Amino acid sequence: MGTLDYIVIVIYFVGLIAVSLMMSRRIRNSEDMFIAGRNSSWWLSGISSYMTIFSAGTFVVWGGVAYKSGLVAVVVALCVGVASLIVARWISGKWRQINIKSPGEYLTIRFGHTTVGFYTISGIITRAVHTATALYAVAIVMCALVEVPSDCVFASTGFPGDSAAGHLGIWWALLMLGAITLAYTIAGGFLAVLMTDVIQFGVLLSVVVFMIPLSLDAVGGIGNFIGEASAIPAFFSGTSPNYSWTWLMLWTILNVGMIGGDWPFVQRYISVPTVKDAKKSTYLIGFLYLVTPLIWYLPTMAYRLIEPGTGFDTAAMTYAGEHAYVEMSKLVLMQGMIGLMIAAMLSATLSNVSGILNVYANVYTYEIWGRKKRNLHCGEAKKIRIGRIFTLFFGVAIVLLAMLVPLVGGAEKVVVTLLTLVMCPLYIPSIWGLFSKRLSGNQLIWTMVATWTVSILSKLFVPSSVIHANICEALCGCVLPLFILTSIEVISAVRGKRQQGFDDLQSYQNPNTESIGENDKESVRSYSHMAISCFCITIGIIALLLVALLAAGDPKTLAVKSIVWWFIGSILATILAYMIYRKIERQQHECR
């Protein structure tokens, strides 16, 4: 990377922190801090949820799958879109119907405080380690790209996980990434999470879309790409030995559980004004995941033609695949734009981390700390302060855990797999409780304990020769809890049992979730305008960067200047369309 790339990355992250400080001025109470006062528009919630699914693994892991196996990576992502549509039709609206301030409040009402403690402790432990591992993975990418003098205090020192000499040290990378995420999450709360997600979406979408024509140009055009890629066995097949149709079906069901019941998503469903908005936000996730996967993975698929690996050498193919997105970016992008691509990859993971920090601060403030007798009637300012303190400590713990990851060598992959087996089944029972009037808190806990026991034992002792590892994980994380819950439901129905928590939940149904008042509409419009303005400023800066590169006579930019001008024109047209829309809207408002 060049000096301009480093400058762009610094400006980008300073901008995120500046936006969060601006948002902090709008925090008046704990609802503003944790659910944006329920004034998030449906599209803002949808884009934020879309970004929550992203991480560096989207580019590194699944980009590697696209490099090695082709179209199957796109099909895997399309399954997430199908899962989102299912959640939009039947689940997300149910969350908004309930007048709750946090996912933990729902668990308290439906299953009791013991279940909240069980979920919170399980979630904090597993999420902390899982998020720390993801943060470590993106820090590795950062270290490999950022070069510093060997005698610099920030240089690698040979610690496990460090890159070669002359690169940024892994601990410094983790401290920088952690500090940036904590700064904007603590300062601006959930509103800052939403706004920074829009900025990250703008950068990610712009750079990835820009890479499509550049990547195709690098391999001789779309016709040449299709012709050469077709010669690679099964490259345009929708499945592979690791990702069969059975696995894809189970993967879809697992994502229904995640998008329908994972706390960061639930937080976004309850932050919008109406049930209709909650459904529309999830439909937007589905739409984006049905139209964008090919855009993400086409550059790595094209890179397979440029760097085909060494025959069928598995180790070489794996290495090339994991770095395919970065290598293609370095090949086709110009100075400054490479920095934006790296910033987008880094912030994709940071978006996920910030969402986790805020939602667990939400649950802790309302359902753990807030349920103590001495805290029941405390003021809003104290709740905000407690939420920020929890965010700080939880974030520091995640960074410290990430620093320990290199000490386990290659075992982090096993840790992530085991944690996935623990995390995924947590989503399903909480969704089940939305519809079932028979499931109790104790039954939920025992369902999870039984699922985890079988899942971990199967992972440790069932050989892949008996059942493929991917299928085994999906069966344990999806089919097993569904089977146990169905059995409990049938037995409870025969015995005529009905849980009081379900009846209590009905009293929390909000009759005002189908429409909102004029003041609330104005707040929603205000947040929407701020978000679109952030988006337009972001892509406008990208356009200015490209214009500057053209004016400076950058050889790499001039070589593809027709593509660059097309991209700049598209950005300017988008900004102009929004300015015209705002002018028309203001005129209509003045006429009322």
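Residues numbered from 1 in each chain as written. Predicted model: local features only at pLDDT ≥ 70, side-chain atom pairs only at ≥ 80, totals over all residues. Heavy atoms only, no water.

(A) Geometry of the overall build of the protein chain. Secondary structure assignment for the protein chain yields 25 helices and 0 strands. Considering only C-alpha atoms, the protein chain reaches an extent of 75 × 70 × 50 Å along its principal axes. Within the protein chain, the fraction of its 592 residues that count as buried is 56%. Restricting to contacts in the protein chain with at least 6 residues of sequence separation, those with at least 24 account for 85%. On the protein chain, roughly 24300 Å² of surface is accessible, and the fraction owed to carbon and sulfur atoms is 66%. Put simply, the protein chain has 40 plus and 30 minus side-chain charges, and the middle of one group is 11 Å from the middle of the other. (Helix = DSSP H or I, 4+ residues; strand = E, 2+ residues; numbered from the N terminus. Buried < 20%, exposed > 50% of the residue type's maximum accessible area, 1.4 Å probe, protein only. Contact = heavy atoms within 4.5 Å. Areas by Shrake-Rupley, 256 points an atom, 1.4 Å probe, with all protein chains shown as cover. Lys, Arg positive; Asp, Glu negative; His and termini not counted. Charge placed at Lys NZ, Arg CZ, Asp CG, Glu CD.)

(B) The packing of aromatic side chains, seen in detail. A full pass over the atoms with the stated rule returns 27 aromatic pairs. For the pair Phe 225 and Phe 236, a centre-to-centre distance of 6.2 Å together with 80° between the ring planes defines the contact as edge-to-face. With Phe 225 in helix H10 (residues 222–230) and Phe 236 in the loop between H10 and helix H11 (245–261), this residue pair connects regions lying 11 residues apart in the sequence. For Phe 225, a relative accessible area of 5% translates into the label buried. Taking the centre distance of 4.8 Å and the plane angle of 15° together, the rings of Tyr 364 and Phe 390 count as stacked. Here the residue Tyr 364 occupies a position in helix H17 (residues 337–369), and Phe 390 occupies one in helix H18 (residues 380–404), the gap between them amounting to 26 residues. What makes Tyr 364 partly exposed here is its relative accessible area of 26%. The exposure class of Phe 390 is buried, given its relative accessible area of 13%. (Phe/Tyr/Trp six-rings, centres within 6.5 Å; stacked < 30°, edge-to-face > 60°.)

(C) Inspection of the environment of Gly 553 at higher detail. Relative to the helices and strands, Gly 553 is located in the loop between helix H23 (518–551) and helix H24 (555–558). On a C-alpha basis, the gap between Gly 553 and Asp 504 in space is 68 Å, while along the polypeptide they are 49 residues apart.

(D) Seen up close, the pattern of salt bridges. Using the criterion set out here, one finds 10 salt bridges in the structure. Of the charged contacts, one joins Glu 327 and Lys 330 as a salt bridge, the two residues approaching to 3.8 Å between their closest N and O atoms. Of the two residues, Glu 327 and Lys 330 are both situated in helix H16 (residues 324–332); the distance of 3 residues between them amounts to about one turn of the helix. Given the relative accessible area of 29%, Glu 327 is considered partly exposed. For Lys 330, a relative accessible area of 39% puts it in the partly exposed group. As a salt-bridge pair, Lys 383 and Glu 380 come within 3.7 Å of each other at their nearest N and O atoms. Residue Lys 383 and its partner Glu 380 are located together in helix H18, separated by 3 residues, close to a single helical turn. By relative accessible area, Lys 383 is classed as buried at 14%. (Salt bridge = Lys/Arg side-chain N within 4 Å of Asp/Glu carboxyl O.)

(E) Local environment of the confidence of the model for the protein chain. For the protein chain, mean pLDDT is 86; residues scoring 70 or higher make up 93% of the total. In this model residues 310–319 is a low-confidence stretch, pLDDT under 50, and it forms 8 contacts with partners more than four residues away in sequence or in other chains. (pLDDT = per-residue confidence, 0-100.)

(F) Here's a closer look at a positive patch on the surface. Where like charges cluster on the molecular surface, the positive patch consists of Lys 372, Arg 374, Lys 382 and Arg 385. Tracing the sequence through the fold places Lys 372 in the loop between H17 and H18. Taking the relative accessible area as the measure of exposure, Lys 372 reaches 38% and is therefore partly exposed. (Patch = residues over 30% accessible without salt bridge, like charges linked within 9 Å, V, L, I, M, F, W, Y side chains within 5 Å.)

(G) Expanded view of the nonpolar core. Grouped together as the largest cluster of nonpolar side chains are 190 residues, with contacts concentrated most on Phe 210, Leu 333 and Met 337. If you tally residues by element for this core, the top one is helix H9 (residues 170–218), at 26 residues. Leave out the neighbours within four places in its chain, and Met 337 touches Asp 5, Val 207, Phe 210, Ile 542, Leu 545 and Leu 546. (Core = buried A, V, L, I, M, F, W, Y, C linked by side-chain atoms within 4.5 Å.)

(H) Fine view of the environment of Trp 43. The topology assignment puts Trp 43 in helix H3 (residues 42–53). In this structure, the C-alpha to C-alpha distance between Trp 43 and Gly 169, residues 126 residues apart in sequence, is 39 Å.

(I) Spotlight on the side chain of Ser 329. Along the chain, the position of Ser 329 falls in helix H16. Apart from the residues within four sequence positions on either side, Ser 329 is in contact with Met 211, Ile 338 and Met 341.

(J) The arrangement of a nonpolar patch on the surface in detail. The grouping of Val 82, Leu 85, Ile 86, Trp 90, Tyr 283, Phe 287, Leu 290 and Val 291 at the surface amounts to a nonpolar patch, some 700 Å² of accessible area in total. Looking at where Val 291 falls in the secondary structure, it is placed in helix H13 (residues 275–291).

(K) Molecular detail of the packing of H10 against helix H14 (residues 293–306). Direction vectors running N to C along H10 and H14 enclose 65°, while the axes themselves pass 10 Å from each other. Between H10 and H14, the crossing angle belongs to the class labelled roughly perpendicular. Crossing of H10 over H14 shows left-handed handedness. Side by side, H10 and H14 meet where Phe 225, Glu 228 and Ala 229 of the first sit next to Leu 298, Met 301, Ala 302 and Leu 305 of the second. (Axes fitted to C-alpha atoms, helices over the stretch in contact; angles between N-to-C directions. Parallel < 35°, antiparallel > 145°, perpendicular 65-115°, else oblique. Left-handed = near helix turned anticlockwise from the far one by under 90°.)

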